[in-house]
Amino acid sequence: PGESVEIRQGKVLIFNEQYPKGFVLDESAYLSSAVLTQDMARMEIGPDQYFAMGDNRMFSYDSRAFGPIGKDKIVGRVLLRAWPIGRFSMY
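Criteria and thresholds
Residues numbered from 1 in each chain as written. Predicted model: local features only at pLDDT ≥ 70, side-chain atom pairs only at ≥ 80, totals over all residues. Heavy atoms only, no water. Pairing = 2+ DSSP bridges. Helix = DSSP H or I, 4+ residues; strand = E, 2+ residues; numbered from the N terminus. Phe/Tyr/Trp six-rings, centres within 6.5 Å; stacked < 30°, edge-to-face > 60°. Lys NZ or Arg CZ within 6 Å of the ring centre and 35° of its normal. 1 Å grid on protein atoms, 1.4 Å probe; cavity = no way out; pocket = protein on both sides within 12 Å on 5 of 7 lines; lining within 4 Å. Points joined across faces, edges and corners; volume = space filled by probe spheres on them. Patch = residues over 30% accessible without salt bridge, like charges linked within 9 Å, V, L, I, M, F, W, Y side chains within 5 Å. Areas by Shrake-Rupley, 256 points an atom, 1.4 Å probe, with all protein chains shown as cover. Salt bridge = Lys/Arg side-chain N within 4 Å of Asp/Glu carboxyl O. Buried < 20%, exposed > 50% of the residue type's maximum accessible area, 1.4 Å probe, protein only.

> Help me understand the sheet that holds strand β2 (residues 11-15), please; the structure alone is not making it clear to me.
Within a sheet, adjacent strands bond to each other through the backbone by hydrogen bonds, running parallel or antiparallel. The antiparallel open sheet is built from four strands, whose spatial order is β3-β2-β1-β4. Each having just a single partner strand, β3 (23-24) and β4 (40-44) make up the two edges of the open sheet. Where strand β1 (residues 4-8) and β2 come together, five bridges link them in antiparallel fashion. In the sheet register, Ser4 faces β2, and the bridge partner there is Phe15.

Below is the structure:
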């Protein structure tokens, strides 16, 4: 909430009070560097809003398409990763 998100040259940048010029989000723990992410103009995230983005970047229907989601729309959190099977894990 209260930040801005932009995708430039395939990298996700986050802008906030601490980083007004932005910083690149480190996604290496959960996303291969081979994954392509289409550029997106800066999007403002309001109070009690969140930016959600899928890991299947070229085909995910997420905040890049429908905008930020309200906190009241979030009903749970990830507890387990089932796919790909070789990377099965519990959170």
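> It is not clear to me how the packing of aromatic side chains should be interpreted in this structure. Could you clarify?
Aromatic ring pairs are reported here in terms of the distance separating the ring centres and the angle at which the planes meet. Counted under the stated rule, the structure contains two aromatic pairs. Against the face of Phe15 rests Arg42, its NZ or CZ located 3.5 Å from the ring centre.

> Is there a simple way to explain the layout of surface pockets in this structure?
A water-sized probe rolled over the atoms picks out the places where empty space is left. Looking at the largest pocket, its volume works out to about 720 Å³. Considering the residues around the largest pocket, the lining is formed by 21 residues, among which Tyr30, Met53, Gly54, Asp55 and Val78 are closest to the centre. Of the volumes computed, that of the second largest pocket is approximately 220 Å³. Forming the walls of the second largest pocket are 14 residues, and the residues nearest its centre are Gly10, Lys11, Glu27, Ser32 and Ser33.

> Before we go on, may I ask you to explain a nonpolar patch on the surface in this structure?
A cluster of nonpolar residues, Leu79, Leu80, Phe88 and Met90, forms a patch on the protein surface that exposes about 440 Å² of accessible area. Among the structural elements, Leu80 can be located in strand β7 (residues 80-81). A relative accessible area of 43% means that Leu80 is categorised as partly exposed.

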